Amino acid sequence: MEITRTGTADEVKAELRALRGAGRDALQERIAADARAGRLAPSVGVPALAMFYAATLQGMSTQACDGVGREALERVADIAMTAWPDGAGTDRAGTGTAPGHPLR
């Protein structure tokens, strides 16, 4: 759908929701491919990890639109990457993805 001035607010919301969903789905597929290739531990919850990073990216995008600078956004990215699991399923903060971990 092309967003035009004649589109209703609901149509615009639906299109934006679809775009965000497509981005999240692409991210999830990439993470799933890494899991299948053995670059991530089998214990990693692929959908939760994709949702976490999609939400982080969407929030960073909103912050950038609001004028937050590159340095601050890069710091957010650095913090977010501490949650990225290694091949053993442990995130860089050392909390792991054991049962009950939010990214499982």
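Structure shown above.
The following paragraphs examine the structure supplied in this document.

Reading the values: the criteria
Residues numbered from 1 in each chain as written. Predicted model: local features only at pLDDT ≥ 70, side-chain atom pairs only at ≥ 80, totals over all residues. Heavy atoms only, no water. Helix = DSSP H or I, 4+ residues; strand = E, 2+ residues; numbered from the N terminus. Buried < 20%, exposed > 50% of the residue type's maximum accessible area, 1.4 Å probe, protein only. Contact = heavy atoms within 4.5 Å. Areas by Shrake-Rupley, 256 points an atom, 1.4 Å probe, with all protein chains shown as cover. Axes fitted to C-alpha atoms, helices over the stretch in contact; angles between N-to-C directions. Parallel < 35°, antiparallel > 145°, perpendicular 65-115°, else oblique. Nonpolar A, V, L, I, M, F, W, Y, C, P; charged D, E, K, R; others polar.

1. Some remarks on the overall build of the chain
Right, so step 1: A tally of regular secondary structure across the chain gives three helices and zero strands.
Right, so step 2: When the helices and strands of the chain are listed from N to C terminus, the series reads α-α-α.
Right, so step 3: Relative to its full complement of 104 residues, the chain shows a buried share of 26%.
Right, so step 4: Long-range contacts, defined as pairs at least 24 residues apart, comprise 49% of the intrachain contacts of the chain with a sequence gap of at least 6.
Right, so step 5: With the model as given, the accessible surface of the chain reaches about 6900 Å², and the carbon-plus-sulfur share is 57%.

2. Description of the packing of helix α2 (residues 46-65) against helix α3 (residues 70-81)
Right, so step 1: For the pair α2 and α3, interaxial distance at closest approach is 11 Å and the crossing angle is 170°. Classified by the angle between their axes, α2 and α3 sit roughly antiparallel to one another. Along the contact surface, α2 presents F52, Y53, T56, M60, Q63 and A64, while α3 presents L73, V76, A77, A80 and M81.
Right, so step 2: Within the contact of α2 with α3, the residues separate by chemical class into nine nonpolar, two polar and no charged.

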